[in-house]
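So the chains spell out like this:
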Amino acid sequence: MENKSIWSVFKSIYRKIVLPACLLHTVITFVFMMGSELDAIKLDKAGLIFLFSLMVALSNLLFSLKNMQILLRTTLHFICTSVSFVVIMLYGSGSMKSNSSGSLMILMVYIVLYLLIAPLPVYFIHKKEKKNEEATEYQSIYKK
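Let me begin by describing the structure that accompanies this report.

## A look at the overall build of the chain
A count of helical and extended segments in the chain gives six helices and zero strands. Along its sequence from the N terminus, the chain presents helices and strands in the succession α-α-α-α-α-α. Residue pairs at least 24 apart in sequence account for 59% of intrachain contacts in the chain once pairs closer than 6 positions are excluded. Carbon and sulfur atoms provide 71% of the accessible area of the chain, an area that totals close to 11100 Å².

## Here we look at helix α5 (residues 100-117)
Think of an α-helix as 3.6 residues a turn; residues three or four steps apart then line up on the same face. Spanning 18 residues, α5 covers 25 Å between terminal C-alpha atoms, matching the ideal 26 Å at 1.5 Å per step. All of the buried residues in α5 are Ser103, Leu107, Tyr110 and Tyr114. Looking straight down α5, one finds that the buried residues subtend no more than 55° of arc, so they occupy a single side. Turned more than 90 degrees away from the buried face of α5, the exposed residues are Ser101, Met105, Leu115 and Leu116.

## Considering the packing of helix α3 (residues 70-91) against α5
Two elements in contact, α3 and α5, have axes whose closest approach is 11 Å; the angle formed by their N-to-C orientations is 150°. Here α3 is positioned roughly antiparallel relative to α5, judged by the angle of their axes. The way α3 lies across α5 gives a crossing that is right-handed. Facing Thr74, His77, Phe78, Thr81, Ser82, Phe85, Val86 and Leu90 of α3, the residues of α5 in contact are Ser103, Ile106, Leu107, Tyr110, Ile111 and Tyr114.

## With respect to the packing of aromatic side chains
Tallied over the entire structure, the rule returns six aromatic pairs. Ring plane angle 70° and centroid distance 5.7 Å describe the contact between Phe52 and Phe85, whose orientation is recorded as edge-to-face. On the criterion of sequence distance, the pair formed by Phe52 in helix α2 (residues 43-60) and Phe85 in helix α3 is long-range, its members being 33 residues apart. One exposure class covers both Phe52 and Phe85, and it is buried. Each ring, one from Tyr123 and one from Phe124, has its centre 5.3 Å from the other, and the planes form 70°; the classification is edge-to-face. The class of Tyr123 is partly exposed, set by a relative accessible area of 48%. Accessibility expressed as a relative area gives 52% for Phe124, which makes it exposed. Members of the aromatic cluster, connected to one another through ring pairs, are Phe52, Phe78, Phe85, Tyr110 and Tyr114.

## A closer look at α3
Over its 22 residues, α3 runs 30 Å from end to end, which matches the ideal 32 Å to within 8%, given 1.5 Å per residue. Here α3 has its buried residues at Ile70, Arg73, Thr74, His77, Thr81, Ser82, Ser84, Phe85, Ile88, Met89 and Leu90.

About the cut-offs
- Residues numbered from 1 in each chain as written.
- Predicted model: local features only at pLDDT ≥ 70, side-chain atom pairs only at ≥ 80, totals over all residues.
- Heavy atoms only, no water.
- Helix = DSSP H or I, 4+ residues; strand = E, 2+ residues; numbered from the N terminus.
- Contact = heavy atoms within 4.5 Å.
- Areas by Shrake-Rupley, 256 points an atom, 1.4 Å probe, with all protein chains shown as cover.
- Expected span 1.5 Å × (residues − 1).
- Buried < 20%, exposed > 50% of the residue type's maximum accessible area, 1.4 Å probe, protein only.
- Arc of directions from axis to C-beta.
- Axes fitted to C-alpha atoms, helices over the stretch in contact; angles between N-to-C directions.
- Parallel < 35°, antiparallel > 145°, perpendicular 65-115°, else oblique.
- Left-handed = near helix turned anticlockwise from the far one by under 90°.
- Phe/Tyr/Trp six-rings, centres within 6.5 Å; stacked < 30°, edge-to-face > 60°.

If you want it as structure tokens, here you go:
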């Protein structure tokens, strides 16, 4: 019986964390490869990209917390992903030491992209939660 529960935990971790991290890693790697030469992404940078993708996937779990306001969840997600971006992608790759002004510009681009992209999933999450809330509040007037 315990094996089934352990298997379901692994399945849940795979579905909620590992799979989104792999998808995000693929997208980020593809974008980097489009912007640079094909051999520009070395193994250490691929590892950093996957670690960042894993941290973003873990941060995405904040959106499953229903007892927090959506604005608070989004703010915490922004803080977690921004700190992960700075620590892993900028500091971990060494670009912060060698080119601090370029790193600041990259961080600004990241923030602008986040502010452009984040409202879309937040809107759909809010809409879904509101619909679920309205559905649970309905009480029939014909029941006795």
